[in-house]
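As a plain string of letters, each chain reads:
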Amino acid sequence: MPTRDYIKQQIALLPSSPGVYQFFNADGVIIYVGKAKNLKRRVSSYFNKIHDSPKTNILVKHIVDLKYIVVNSENEALLLENNLIKKYQPRYNILLKDGKTYPWLCITKEPFPRVFKTRTVIKGADFFGPYSSVWTLDTLLDLVRELYPIRTCRLPLTEETIKANKFKVCLQYHIHNCTGVCEGLQSQLDYRKMIDEIKEIAKGNSHEITNYLLAQMRELAEKQRFEEAQKLKEKYDSIVKYQSKTVITTTSDDNLDVFAYDEDENSAYINILRISKGSVIQGFTIEYQKKIEEQKTELLAFAILELRERLNSTSHTLVVPFEPDFIDEKLEIIVPQRGDKKKLLDLSMQNVRQYKLDKLKQAEKLNPDQRAIRLMKEIQTVLHLPNLPQTIECFDNSNISGEAAVAACVVFKKARPSKKDYRKYTIKTVDGPDDYASMQEVVRRRYQRMINEGTTLPDLIITDGGKGQMEVVRQVVEDELQLKIPIAGLAKDNRHRTSELLYGFPPAAIGLKPTDFLFKFLASIQDEVHRFAISFHRDKRSKKQIASELDTISGIGEKTKIELLQHFKSMKRIQNAEKSDLEKIVGTHRASIIYNYFHPEITA
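Conventions used here
Residues numbered from 1 in each chain as written. Predicted model: local features only at pLDDT ≥ 70, side-chain atom pairs only at ≥ 80, totals over all residues. Heavy atoms only, no water. Buried < 20%, exposed > 50% of the residue type's maximum accessible area, 1.4 Å probe, protein only. Helix = DSSP H or I, 4+ residues; strand = E, 2+ residues; numbered from the N terminus. Pairing = 2+ DSSP bridges. 1 Å grid on protein atoms, 1.4 Å probe; cavity = no way out; pocket = protein on both sides within 12 Å on 5 of 7 lines; lining within 4 Å. Points joined across faces, edges and corners; volume = space filled by probe spheres on them. Nonpolar A, V, L, I, M, F, W, Y, C, P; charged D, E, K, R; others polar. Core = buried A, V, L, I, M, F, W, Y, C linked by side-chain atoms within 4.5 Å.

Undergrad: Let's hear about the pairing of strand β1 (residues 19-24): which residues, and what values?
TA: β1 sits mainly inside the fold: six of its six residues count as buried. Alternating residues of β1 divide into Gly19, Tyr21 and Phe23 and Val20, Gln22 and Phe24, and every residue in both groups is buried. Strand direction decides the pairing type here: β1 and strand β3 (residues 65-70), joined by six bridges, are antiparallel. Within β3, the residue paired with Tyr21 across the bridge is Tyr68. Bridge analysis of β1 against strand β2 (residues 30-36) gives six bridges, and the strand direction is antiparallel. Considered in β2, the bridge of Phe24 is made with Ile30.

Undergrad: I'd like to hear about empty space enclosed by the protein, residue by residue, with values.
TA: On inspection of all chains with the given rule, the structure shows three cavities of 30 Å³ or more. Here the second largest cavity defines a volume of roughly 60 Å³. In terms of lining, the second largest cavity is formed by Tyr32, Lys35, Glu81, Ile85, Asn93, Ile94, Glu294, Glu298, Leu299 and Phe302. When residues of the lining of the second largest cavity are traced back to their parent elements, those giving at least two are β2, α4 (74-88) and α11 (296-310). At three residues, the largest contribution of residues to the lining of the second largest cavity is made by α11. Class assignment of the residues belonging to the lining of the second largest cavity gives a composition of five nonpolar, one polar and four charged.

Undergrad: Requested: an account of the nonpolar core, with residues and values cited.
TA: Phe259, Tyr261, Ile270, Phe284, Tyr288, Leu300 and Leu307 are the most contacted members of the largest nonpolar core, which totals 38 residues. Counting residues per element, the ones that place at least two in this core are β1, β2, α4, β8 (256-263), β9 (267-276), β10 (279-289), α11 and α12 (339-366). Element by element, the count of residues in this core is highest for α11, at eight residues. Judged by nonpolar contacts, the second largest core, of 31 residues, contains Leu105, Phe128, Tyr148 and Tyr191.

These figures capture arrangement, not role.
Written out as structure tokens, the structure is:
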């Protein structure tokens, strides 16, 4: 039986209840696992149409068999899907990417537990984390070591080994970093009390400890036991200092999980902020690598399940940017619009965007071409260009009241300046300060020559100016030369700063913010062509300013002229100089030429 007919028969038998489906390839390997509120409707949707996503169409071509598991609810479907993806890691499912192993706070389950940082989670210990910020975990460990004299050794301490006097105190005891439990100088009960307090701080329940310490301090002060009260105050101050470094407190006393979502073409990024007793106690971000066109509501639901499982969260309230799919009905879902919860959501969004930016920078360091490709794709998308703008050319004019009028063209290839292709132009056909006519002359000369020489034309032209400049360039490129090259304009504000990107005819502003990476890149092209045009204009003005009667003397070049002007400071002094003085600067032969030119009556 043909594969498609076999699949249709299986779909016809599917129930309309919640469940999880598995797609298999010809080798009997699971290539995709999905969940559904209605199995029949969801599975049949893969086979009754051509999908917009090429990846989904490729997946469907490889499906030769399917299986399903019926569950009682959408939430159970999400849990089962999560477990099956982790177990089989199907090729076309999203892939959880952990770029590195994050550190955890480990508290061992020995009679006298140890507390330390680790990146390897093993059984037989309590773990708190993971911490995406090593600094935060180090700050916590510094607090623990400051407040609690717990052991740092790896001795196998038990009541039996301690009673047998098998161990001796070390340097840590003598510098007051340890109480000498190895010699029985501190009871196991007292040591356990310290460990319990450390666990509460690691859980984010330090408020309970500070409230307890505050009450104890007042009680001791009333009994005039000031030295003991002072020790508790020092502990209290240290915990408060730690809180100020690592948490952000809300006005309410909530316990909740805050999630933010961002994505790009290939990945989805989800951040969680855990709030305990109204304070942020933990932040963590994960990345999912997309395989087919997954919906963001589906990805967020999947990430919520993963992150809450990883961080052992029991919060019943979730703050999210939008409603996710398949969430346990027992949980309260909040999409805040204002207030403290909206501020926490904004903070979570800031974290997820920073994570995304860090990943992008890391990838661009490993592959420098990736940045260029991303920029070109962004330009192509924003301007709806037919081709990737691998070559961009930008023009600018420079003159002062029409004097020494010049223009410049800078070329960017694959989003990088190609300085060997830069060109300078002296305006030849325009009299006076006419920027439009000057721009038309330069563009005409540039592309007429490229047509004549058969040179590859650019993918995008950018003018340093607004709608007027764009129109005069269009008249030359399209009307005169019959070329189809997209034209954009970069307009400036009254402070001469790039303010907007213009495109189309009639030109319209493209919605880019000045803080956008693409906007900054385009502004850098404009700055570069402006710099290049100005420097050429200055050179031309300088040459004109030092032009003199020396230029008309046959046999006297530019270098000699500069040497004489630098020494004598003016043409009048050169003209009146003695021959011997000229010889000291330029030698006998050239001195004779110059002296004879200014004193023809002597040579006659």
